[in-house]
Amino acid sequence: MGSFSSVHFCGIPPGKGPYKVGCTDLMSDHTIKGSFFRLYYPCVDSDEYEEAVWIPRREYYTGLADTLKLNRTVVDVIFSYYFGSVKCPAKLNAPFQPGEKYPLVIFSHGLGAFRTLYAAICIGLASQGFVVAAVEHRDESASATFYFRERPPADSCAEEEECDAMEEVWMYNKTPKPGADEFPLRFEQVQIRADECLRALDLLLDINAGKPVTNALPSNFDWLPLKDSIDVKRIAVAGHSFGAATAIKALGRDSTDEIFSTIHQPVLFVNSEKFQGSVHQSFPDFTFLTGYLIGKVFKLKGEIDPYIAMDIIINVTLAFLQRHLGWVINIRSVGIKLSVIQGTWMNMDDLLLFLFN
């Protein structure tokens, strides 16, 4: 069973850089207008902290069921069994490692995903000395997300019961009606998504400046060590699929054109969908957590080994960031030379000068 559908012999790959990786969740404002992301960061090496649960709430299973157009109850049972105990190789709420200035990456998830489904990419970057904020979008493009609102007086608990003044409100993926033009919905959503990425950036710059932060989520994470720890001159935005469109929109924040002629920042496009054996789902973490048969049926795996594919994705991204941020990174050249098109911005001779084992 393990070779076909079980997750027990697979796992999200750990970062291969010199830094241990921690993660924490921040919801800066309990309302829908607040910033919500999972932060991955270099952390203090400690065995006191456990690895984070990959999918932290079962409501996300419901959202994934709706996105896949499958029965909610069936998906909840299957996902709870196969993925309920899966953890990602990042220590939840482990102390931040101060003493350096780290580049910052804002990461935008794809359509129907949410903030924790790209742990491999985010951890891979964080292990190389990046702070990575994986935004969870509230434009109804995530499979599921939530915020808090004040509990209406009519819903007050009985006198003998205790209840919170706030209640969770869950939002699920919104899809166009059959036959409807999808563009107006996606155009509206990408505007919201870009704003959310910029809002996350502003919040992290405030934290870097030493401003206090209020978290609507229960957490004992200490944000004070992040003061003066982000290199404000080395900031990038990244994303997958609709998240990539979000990244482009964020770069062209002052443009009203559908084609962003005003973008002057360097942009890296990593191709997929059978290119060098990869597919669209070679980027999210599901590719590591399904066996061969299920992976093929749901197009979660390409012809290339998913771990090699992720190595290439991370290493090419690191090479690009090193080139344009001026950041010295100890990265490996595994699989890259055969996977980069000749004649692109990456000259193969130059590439091998700063990719090394």
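Since the structure is predicted, the reported quantities are computational estimates derived from the model, not experimental observations.

A. Highlighting the layout of surface pockets. Reported here for the largest pocket is a volume of approximately 990 Å³. Lining of the largest pocket is provided by 38 residues; of these, V237, A238, G239, A247 and L268 occupy positions nearest its centre. Those elements that provide at least two residues to the lining of the largest pocket are β5 (102-108), α3 (119-126), α4 (183-208), β9 (230-239), α5 (242-251) and α7 (306-325). At 7 residues, the largest contribution of residues to the lining of the largest pocket is made by α7. As a volume, the second largest pocket reaches approximately 840 Å³. Forming the walls of the second largest pocket are 32 residues, and the residues nearest its centre are L68, Q281, F286, F298 and L300. Elements supplying a minimum of two residues to the lining of the second largest pocket: α1 (59-68) and α2 (72-83). In terms of residues, the lining of the second largest pocket owes the most to one element, α2, which gives 6 residues. Considering only residue class, the lining of the second largest pocket consists of 21 nonpolar, 9 polar and 2 charged.

B. Fine view of the confidence of the model for the chain. Mean pLDDT over the chain stands at 85; residues scoring 70 or higher make up 83%. With pLDDT under 50 throughout, residues 1-9 is counted as low confidence; its partners more than four residues away or in other chains account for 19 contacts. Scored below 50 in pLDDT, residues 345-357 makes 33 contacts in the model with residues more than four places away or belonging to other chains.

C. Looking closely at the side chain of T24. Structurally, the position occupied by T24 is in strand β1 (residues 21-27). Among the polar contacts made by the side chain of T24, one reaches the side chain of N93 at a distance of 2.6 Å.

D. Local environment of the environment of E50. One can find E50 in the loop between β2 (36-42) and β3 (51-53). The spatial distance from the C-alpha of E50 to the C-alpha of L92 is 6.1 Å, given a sequence separation of 42 residues. Excluding its chain neighbours within four sequence positions, the residues that come into contact with E50 are K87, A90, K91 and L92.

E. View of unusual backbone geometry. Its identity is not glycine, yet K69 carries a phi of approximately 60 degrees, on the positive side. Along the chain, the position of K69 falls in the loop between α1 and α2. Judged by relative accessible area, K69 falls into the exposed class, the value being 67%. Positioned with a positive phi, E140 is a non-glycine residue whose angle comes to about 70 degrees.

F. Focus on the sheet that holds strand β6 (residues 131-135). Taken together, the 7 strands give an open sheet; going across it, the order is β3-β4-β1-β2-β6-β5-β9, and neighbouring strands pair in mixed fashion. Only two strands of the sheet have a single neighbouring strand rather than two, namely β3 and β9. On average, each strand axis in the sheet is inclined to that of its neighbour by 35 degrees, with strand direction left out of account. Sheet analysis places β5 next to β6, joined by 5 bridges and oriented parallel. Within β6, the position partnered with L104 by the bridge is V131. Sheet strands touched by α5: β5 and β9. Its angle to β9, the strand with the most contacts, is close to 135 degrees.

G. Broad picture of the packing of aromatic side chains. Taken as a whole and assessed by the stated rule, the structure comprises 20 aromatic pairs. With centroids separated by 5.9 Å and ring planes inclined at 85 degrees, the aromatic side chains of Y19 and Y102 adopt a geometry described as edge-to-face. You can see Y19 sitting in the segment before β1 and its partner Y102 sitting in strand β5, a full 83 residues away along the chain. Residue Y102 is classed as buried on the basis of its relative accessible area, which comes to 0%. Between Y61 and F79, the ring centres sit 5.7 Å apart and the planes meet at 70 degrees, which makes this aromatic pair edge-to-face. Here the residue Y61 occupies a position in helix α1, and F79 occupies one in helix α2, the gap between them amounting to 18 residues. A relative accessible area of 3% means that Y61 is categorised as buried.

H. Fine view of the packing of α4 against α5. Closest axis-to-axis distance for the α4/α5 pair is 8 Å, and the angle between their directions is 65 degrees. Our classification of the angle between α4 and α5 gives roughly perpendicular. Crossing geometry of α4 relative to α5 is assigned as right-handed. Across from R186, Q189, V190, Q191, R193, A194, C197 and L198 in α4, the residues of α5 making contact are F242, G243, A245, T246, K249 and A250. A class-by-class count of the residues in the contact of α4 with α5 yields 7 nonpolar, 4 polar and 3 charged.

Criteria and thresholds
- Residues numbered from 1 in each chain as written.
- Predicted model: local features only at pLDDT ≥ 70, side-chain atom pairs only at ≥ 80, totals over all residues.
- Heavy atoms only, no water.
- 1 Å grid on protein atoms, 1.4 Å probe; cavity = no way out; pocket = protein on both sides within 12 Å on 5 of 7 lines; lining within 4 Å.
- Points joined across faces, edges and corners; volume = space filled by probe spheres on them.
- Helix = DSSP H or I, 4+ residues; strand = E, 2+ residues; numbered from the N terminus.
- Nonpolar A, V, L, I, M, F, W, Y, C, P; charged D, E, K, R; others polar.
- pLDDT = per-residue confidence, 0-100.
- Contact = heavy atoms within 4.5 Å.
- Polar contact = N/O pair within 3.5 Å; in protein donor to acceptor, adjacent residues only side chain to side chain.
- Buried < 20%, exposed > 50% of the residue type's maximum accessible area, 1.4 Å probe, protein only.
- Pairing = 2+ DSSP bridges.
- Axes fitted to C-alpha atoms, helices over the stretch in contact; angles between N-to-C directions.
- Phe/Tyr/Trp six-rings, centres within 6.5 Å; stacked < 30°, edge-to-face > 60°.
- Parallel < 35°, antiparallel > 145°, perpendicular 65-115°, else oblique.
- Left-handed = near helix turned anticlockwise from the far one by under 90°.

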